[in-house]
Amino acid sequence: KGPVALVTEDFDLNGIPDLAVALFTDNKVQIIYNPSLCPDCTGKIPCTTPAPTQRSEVVPPASGGESPKFEAPPSPGLSLAVAEGPVLSLPRADMNLFAVGDLNGDRQVDVILGSMNSDVILLFQGDKDGTLLAKGDVRIGLTPEKLLTADLDGNGLADVIAVSWRQAQAVVLWSKGSFLFGPTSFFGLPSRVRDALALRLTDSTRDELVLLTDAGPLVWSIPQRGGIMEWAVTPSALSGLKPLPNGLYAYAAFGSNTVAAVSYSNNPGELCFALGASSLGSFRVTQEGAIRTIAVADVNGDGLPDVLGLEEVGRIRVWLVTKGK
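An account of the accompanying structure is given in this report. (Residues numbered from 1 in each chain as written. Predicted model: local features only at pLDDT ≥ 70, side-chain atom pairs only at ≥ 80, totals over all residues. Heavy atoms only, no water.)

1. A closer look at the packing of aromatic side chains
Any pair of aromatic rings gets described here by the distance separating the centres and the angle formed by the planes.
In step 1: Per the counting criterion, the structure on display carries three aromatic pairs.
In step 2: Both rings, one in Y264 and one in W319, keep their centres 5.3 Å apart while their planes meet at 20°; by these two values the pair is stacked. Taken together, the residues Y264 in strand 21 (residues 258–266) and W319 in strand 26 (residues 315–323) connect sequence positions 55 residues apart.
In step 3: The exposure class assigned to Y264 is buried, which follows from its relative accessible area of 6%. (Phe/Tyr/Trp six-rings, centres within 6.5 Å; stacked < 30°, edge-to-face > 60°. Helix = DSSP H or I, 4+ residues; strand = E, 2+ residues; numbered from the N terminus. Buried < 20%, exposed > 50% of the residue type's maximum accessible area, 1.4 Å probe, protein only.)

Here it is in structure tokens:
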């Protein structure tokens, strides 16, 4: 079908080179994953299913190097206050997923927009004056039901994680700075997983992926070189984390041993924080359109997680969280 170009690269990071074929006439790129490690395709070419990533268990070191956190009981007497932050205008209002993180290392919150009906995400650079600059789009290889960011490799840049519960699969876009990404990593999810979040659980600069099931959380370390290391012991302070019911709920980490649940109510506009069965406060906030989903990030760099809400009218509202007096 006309001219082609061939590139070899380990696209699924399993240690075996794969083949990418560019069909110029059809304006398409086909990735042929190495069939020797792909049991789903029985060796037939072309193969479009990445080989499943093997998992191994690892116990975080108890002393020296990266010491575990989240071992102490939740901090008592946590008092919070909420203030209205900037409102970020978006160029389109048809997206129903978003995540935030620093994609280029400028210490500003950047925005990733997605939709449950598309495998394309949109990237926006955040500026300190509250404006967003479009930085392009990326086809991620699956239709997401959740987006989140985490610095999985500890390079100071937020990697993008897209999750599909229907496909029991997730993909990591490894951030290289300047809104560019390296080869993606696909991996399968246990069928019992219903939610996910990223937390900094050690003294390193790397985040871990916490998968939530009804039976309790699983902690995964995901190295860029491939493979998944599942922690043999889940930190005790995470034991109470359960899958959240919908996108109007999120988890927020306060300090090294306290993970609170955040929820938003559209009628009226209200943010609620809870630590286990104890309420940390409810706060009336401004909204002009219904909030579709919320996310948590440290927007102003004070070390506390702030809350962002995606309005159906094409705006992101920011609510700044501080410690109460």
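2. Here we look at the environment of G314
In step 1: Note that G314 resides in the loop between strand 25 (306–311) and strand 26.
In step 2: Of the residues examined, G314 reaches a relative accessible area of 7% and is grouped as buried.
In step 3: For the pair G314 and D94, spaced 220 residues apart in sequence, the C-alpha separation works out to 7.5 Å.
In step 4: Discounting residues that sit within four places of it in the chain, G314 has contacts with L88, S89, L90, R92 and A93. (Contact = heavy atoms within 4.5 Å.)

3. So, the pattern of salt bridges
In step 1: One pass over the structure, following the stated rule, counts 11 salt bridges.
In step 2: The salt bridge involving D94 is made with R92; its shortest N-O contact spans 2.8 Å.
In step 3: Exposure remark for D94: the relative accessible area of 44% places this residue in the partly exposed category.
In step 4: Sharing partners across several salt bridges, the network here consists of E288, E311, R315 and R317. (Salt bridge = Lys/Arg side-chain N within 4 Å of Asp/Glu carboxyl O.)

4. As for empty space enclosed by the protein
In step 1: This model, assessed by the stated rule, comprises two cavities of 30 Å³ or more.
In step 2: By volume, the second largest cavity amounts to about 30 Å³.
In step 3: Along the walls of the second largest cavity sit L90, R92, A93, D94, M95, L113, R292, L310, E311 and G314, which together make up its complete lining.
In step 4: Per-class residue counts for the lining of the second largest cavity are five nonpolar, one polar and four charged. (1 Å grid on protein atoms, 1.4 Å probe; cavity = no way out; pocket = protein on both sides within 12 Å on 5 of 7 lines; lining within 4 Å. Points joined across faces, edges and corners; volume = space filled by probe spheres on them. Nonpolar A, V, L, I, M, F, W, Y, C, P; charged D, E, K, R; others polar.)

5. Points about the nonpolar core
In step 1: Among the nonpolar cores identified, the biggest contains 21 residues, and L80, F254, Y264, L271, F273 and V307 are the most heavily contacted of them.
In step 2: Every element with two or more residues in this core is listed here: strand 20 (249–254), strand 21, strand 22 (269–275), strand 23 (278–284), strand 24 (291–297) and strand 26.
In step 3: In contact with L271, not counting residues within four places along its chain, are V82, V262, S263, Y264, G281, S282, F283, V285, V307 and W319. (Core = buried A, V, L, I, M, F, W, Y, C linked by side-chain atoms within 4.5 Å.)

6. A look at the sheet that holds strand 7 (residues 110–114)
In step 1: Read across the open sheet, the four strands follow the order 6-7-8-9; overall the sheet is antiparallel. The open sheet is flanked by strand 6 (97–101) and strand 9 (132–139), the only strands paired with a single partner. In this sheet, neighbouring strand axes are inclined to one another by 20° on average, regardless of whether the strands run parallel or antiparallel. (Pairing = 2+ DSSP bridges. Axes fitted to C-alpha atoms, helices over the stretch in contact; angles between N-to-C directions.)

7. Here we look at unusual backbone geometry
In step 1: Of note, the bond from N267 into P268 is cis; its omega dihedral lies within 30 degrees of zero at -5°.
In step 2: Among the structural elements, P268 can be located in the loop between strand 21 and strand 22.
In step 3: The phi dihedral of A168 is positive, around 50°, even though this residue is not glycine.
In step 4: Looking at the secondary structure, you find A168 in the loop between strand 11 (159–164) and strand 12 (169–173).

8. Considerations on the sheet that holds strand 20
In step 1: On the basis of which strands lie adjacent, the open sheet formed by four strands has the order 20-21-22-23 and antiparallel pairing. Two strands close off the open sheet at either side, each with one partner strand: strand 20 and strand 23. Looking at each pair of strands side by side, their axes are set apart by 25° on average, direction ignored.
In step 2: Note: strand 21 against strand 22, six bridges, orientation antiparallel. Bridge pairing in strand 22 places N266 opposite G269.

9. Considering the side chain of T149
In step 1: Its location among the elements puts T149 in strand 10 (residues 146–150).
In step 2: For T149, the side chain forms a polar contact with the main-chain oxygen of V100, separated by 2.7 Å.
In step 3: When near neighbours in sequence (up to four residues on either side) are disregarded, T149 contacts A99, V100, G101, I112, A158, D159 and A198. (Polar contact = N/O pair within 3.5 Å; in protein donor to acceptor, adjacent residues only side chain to side chain.)

10. Concerning the side chain of R315
In step 1: Structurally, the position occupied by R315 is in strand 26.
In step 2: Filtering out sequence-adjacent residues up to four positions away, R315 remains in contact with V87, L88, S89, L90, E288, G309 and L310.

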